[in-house]
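# Architecture at a glance
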Amino acid sequence: MEATTNGNGKTLKVRYFDIEENPETHYLNAEKGIKSWLFTVDHKRIGIMYLASIAFFFLIGGILALVLRTELLTPTENLMTAEQYNRVFTLHGAIMVFLFIIPSIPAALGNFLLPIMLGAKDVAFPRLNLASFWIYSIGALFTLASLAVNPIDTGWTFYTPYSVQTGSAVILMTFGVFIMGFSSILTGMNFIVTIHKLRAPGLTWGRMPLFLWAMYATSVIQVLATPVLAITLALLIMERTLGIGIFDPALGGDPVLYQHFFWFYSHPAVYIMIVPAFGVISELIGTFSRKTVFGYWAIAMSSLAIAFIGSLVWGHHMFVSGQSELSTVVFSFLTFFVGIPTGIKIFNWLATMHKGSIDMKTPMVYACMFLFLFTIGGVTGIMLGAISVNVHLHDTYYVVAHFHYVMMGGTVIAFLGGLHFWWPKMTGKMYNEFWGKIASAFIFVGFNLTFLPQFIMGSQGMPRRYYSYIEQFQTMHQLSTYGSYVLGVGFVIIAVYLAHSLVKGAQAPANPWGARSLDWMTSSPPDQHNFKYQPVVSNGAYDYHKPMADFTLGIAEDPAHHGHDDAVKVEAEKAEIR
Amino acid sequence: MANASTINNSRVQHHFRNADQQFSSSKLGMWLFLFTEVMFFGGLFVAYIIYRAWNPELFTMAATELDTLFGAVNTAVLIGSSLTCALAIRAAQTDNTKMVVNYLLITIALATLFLVIKYFEYTAKIEIGILPGAMYTFEGIDHPKASVFFSIYYMMTGLHGLHVVIGIGLMIWLVIRAKAGDYNSAYYTPVEITGLYWHLVDIIWIFLFPLMYLID
């Protein structure tokens, strides 16, 4: 292929490029020393730093979960007092939500992959990207400080009036979350601008990998909803320090208003958590079914539909909080409505797998697990959206099981799938496939053993957040606790073989899965500037019927890839090329 | 900006292909940021709307305590500063570095004047015991929730004032760089996007003024 047009009527000279295997220099060894990491503006290194941070907080949150489950082994005191129990479940929730799951896929995988998938050298604002990581770290320090001072016991939702009255370190904690919100906002802004402005020549919206559509929808929610959380928490802090009387009923304020404000962010926030997972699943199922993803536009647009409708359903958290009957009915209807785009995705993924040539590698195992677990989580969510059922199940273990099926069975499973899928790209090493599958079996069994009993307990009336329970529930609680141990073993196995692969793993090829999107058209690990050439895209991201060579096109003799010094010369040459 | 890419490339960061791409990216980024600002203030506006709907008589009573003259003067001052800020961008586009600096300095002066007036307003309130929240001791308004109105007033104008301070800081930085000759018709992105920010600060005040001072 000698020339192609990039859509603006401009003609670009393109040629095929070879992808380097086992590169000597790549982003991991291009610069050395701790400073080259802490002050890097390279999106890949920032992604890796996020990955390490969230892994650390997942470990802490996970240990807290195991401690909670151990306490619940019997109705009496096993490890801690009731008061300590309140603190531990609050921290488990707050750490998992704000420090782990919200940044998990967008900030770790998204940062690493988004510019590469676009064929760009970096995100639009690399320094802002670094700032966003530092803001996240500072916010995390505040959160950890609150642990040291006086761990909070309000639940992760910080509901007033209790959060105004309790003696625990609510201000430190909420200020930490307030700060981390800005990290989320800046990442979202960065991604939207990058997707709009930095797509490679020929990479039209319809050729983008679906992961990018999911990241786009997620970023829209981050930019739309997170500022509202910021102002809510700022008002909560003011309520505690000055007694401004907006949320505190003792001063003439309204606690239901706090709940509206809080869920206006925090319900869309669950889509910040799950929509990136949808993106990962689209990549996994497309790649390992060796088929063009069925219903590309339906999947792409349903992400945006979820972002839009998902912003209008927050009231379903407040069916028994005293909001008006009319708004309860409207919110219930909208909650059913948001199930439609989600269902569209599930059916399109199944249709993609239909008659595909399915390769059950570990990432695909996780993708199938996702379809199973997330569907349970989603359908029970629709049940909770029904008003009469909700009144019965409100604040029971049924709700706990539901959101763990969505957040863990959905997001965490997809994250694990994505982590295995892109592990060779990120580290240049292959993980152990055998142990990968063993661990996934532990996770699947452990997860279901932990949370299926909670559905049953919840429907029988076991309230959430209770320190003790009547004897009737003991068998279920014990099953759940043993399940959580199995789950913990699964994660330990993953940690061990991934760490082992870093040291002794086989060298990864550039494209171990035979995928077609741009992230696989560069070496593993990628070059410091992602590509040695400026990629040009002439096919869709899932055109498996076309030869691989068609996906490695780049601008021939691209001056922009000669280095920084002759940038001025570059423009002159380019003007001639045009 | 159509021809900028062929004039000056020294300011194009390595990951952009040309100056056009960099300029439009920065501008889109700023618009998105302004959108988050609208959502951020939006929370306070919603709180205002709800409390006003619940206590309409409180808002008409309490608003009489606010000094409309001070508010009106401040509105004029901020709108004037928006004009000079826009003129600074125009001066950058026409390569008039001297006027970029001058217009920015006038904008900074007007923004500072706004804060000075606001300071006198606040101290007059504080002296008679109109403070936010639990510290409220004023007895001139016969309403049990009088303190809530002033809590909202202080939160909204205080947050707005913080944005004015940040704007002044940004413009001081712009003046320093403009004096060093960093801005010209080929590259004036920071002036342009700071201008966008400043207009937003202005617009928020244009909403705050009637909502707080002009209720009748």
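Sequence positions are assigned chain by chain, starting from 1 and proceeding in written order. Both sets of labels track the order of writing: A upward for chains, 1 upward for ligands. Two thresholds apply to this predicted model, a pLDDT of at least 70 for residue-level local features and 80 or more for giving and counting side-chain atom pairs, whereas whole-chain, interface and lining totals are computed over all residues.

### Considerations on the overall build of chain B
Test applied: Here a helix means four or more residues in a row that DSSP labels H or I, a strand means two or more in a row labelled E, and each is numbered from the N terminus. In this description, any two residues whose backbone-derived C-beta atoms lie within 7 Å of each other are considered to be in contact.
A tally of helices and strands in chain B yields six helices and zero strands. Listing each helix as α and each strand as β along chain B from the N terminus yields α-α-α-α-α-α. In chain B, once contacts between residues fewer than 6 apart in sequence are set aside, the share between residues at least 24 apart is 73%.

### Concerning helix 10 (residues 325-353) of chain A
All names here are of chain A. The criterion, for reference: One fewer than the residue count of a helix, multiplied by 1.5 Å, yields its expected span. Whether a residue is buried, exposed or partly exposed follows from its count of other C-beta atoms within 10 Å of its own C-beta, namely 20 or more, 12 or fewer, or something in between, respectively; the C-beta atoms are built from the backbone.
Between its first and last C-alpha atoms helix 10 spans 43 Å; for 29 residues at 1.5 Å apiece the expected length is 42 Å, and the two agree. Inspection of helix 10 places Thr328, Phe331, Ser332, Thr335, Val338, Pro341, Thr342, Lys345, Asn348, Trp349 and Thr352 among the buried residues, and these make up the whole buried set. Summarising the contacts, the buried residues of helix 10 are in contact with helix 8 (255-289), helix 9 (296-309), helix 11 (362-385) and helix 12 (387-393). Of the residues one or two after helix 10, Lys355 is the one with positive phi, at around 60°.

### Structural notes on the interface of chain B and chain A
Frequently, the measure chosen for interface size is the accessible area removed from exposure when the parts meet. The following threshold applies: Amino acids are sorted into nonpolar (Ala, Val, Leu, Ile, Met, Phe, Trp, Tyr, Cys and Pro), charged (Asp, Glu, Lys and Arg) and polar (every other residue, Gly among them).
In this complex, chain B contributes 34 residues to the contact, which on the side of chain A involves 34 residues. Of all the elements in the fold, those that place two or more residues in the side of chain B that touches chain A are helix 1 (19-54) and helix 5 (146-179) of chain B. If you tally residues by element for the side of chain B that touches chain A, the top one is helix 1 of chain B, at 16 residues. Residue composition of the side of chain B that touches chain A, grouped by class: 16 nonpolar, 16 polar and two charged.

### Points about the environment of A:Phe264
Residue and element names in this part refer to chain A. Inspection of the secondary structure assignment puts Phe264 in helix 8. Once the C-alpha coordinates of Phe264 and Ala541 are considered, the two residues, 277 residues apart in sequence, prove to be 35 Å apart. Residues in contact with Phe264, not counting those within four places in the same chain, are Ala225, Val228 and Trp314.

### Quick notes on unusual backbone geometry
Residue and element names in this part refer to chain A. Omega for the bond connecting Thr160 with Pro161 falls within 30 degrees of zero, at 0°, which places this linkage in the cis form. Tracing the backbone shows Pro161 in the loop between helix 4 (126-149) and helix 5 (162-165). In this model, Ser524 is joined to Pro525 through a cis peptide bond whose omega is -10°. Structurally, Pro525 can be placed in the loop between helix 15 (474-504) and strand 3 (553-555). Even without glycine at this site, Asp395 takes up a positive phi of about 55°. Within the element layout of this structure, Asp395 appears in the loop between helix 12 and helix 13 (397-427). We note that Arg465 has phi near 65°; this positive angle belongs to a residue other than glycine. Inspection of the secondary structure assignment puts Arg465 in the loop between helix 14 (433-459) and helix 15. Residue class for Arg465 comes out partly exposed when judged on the 13 C-beta atoms lying within 10 Å of it.

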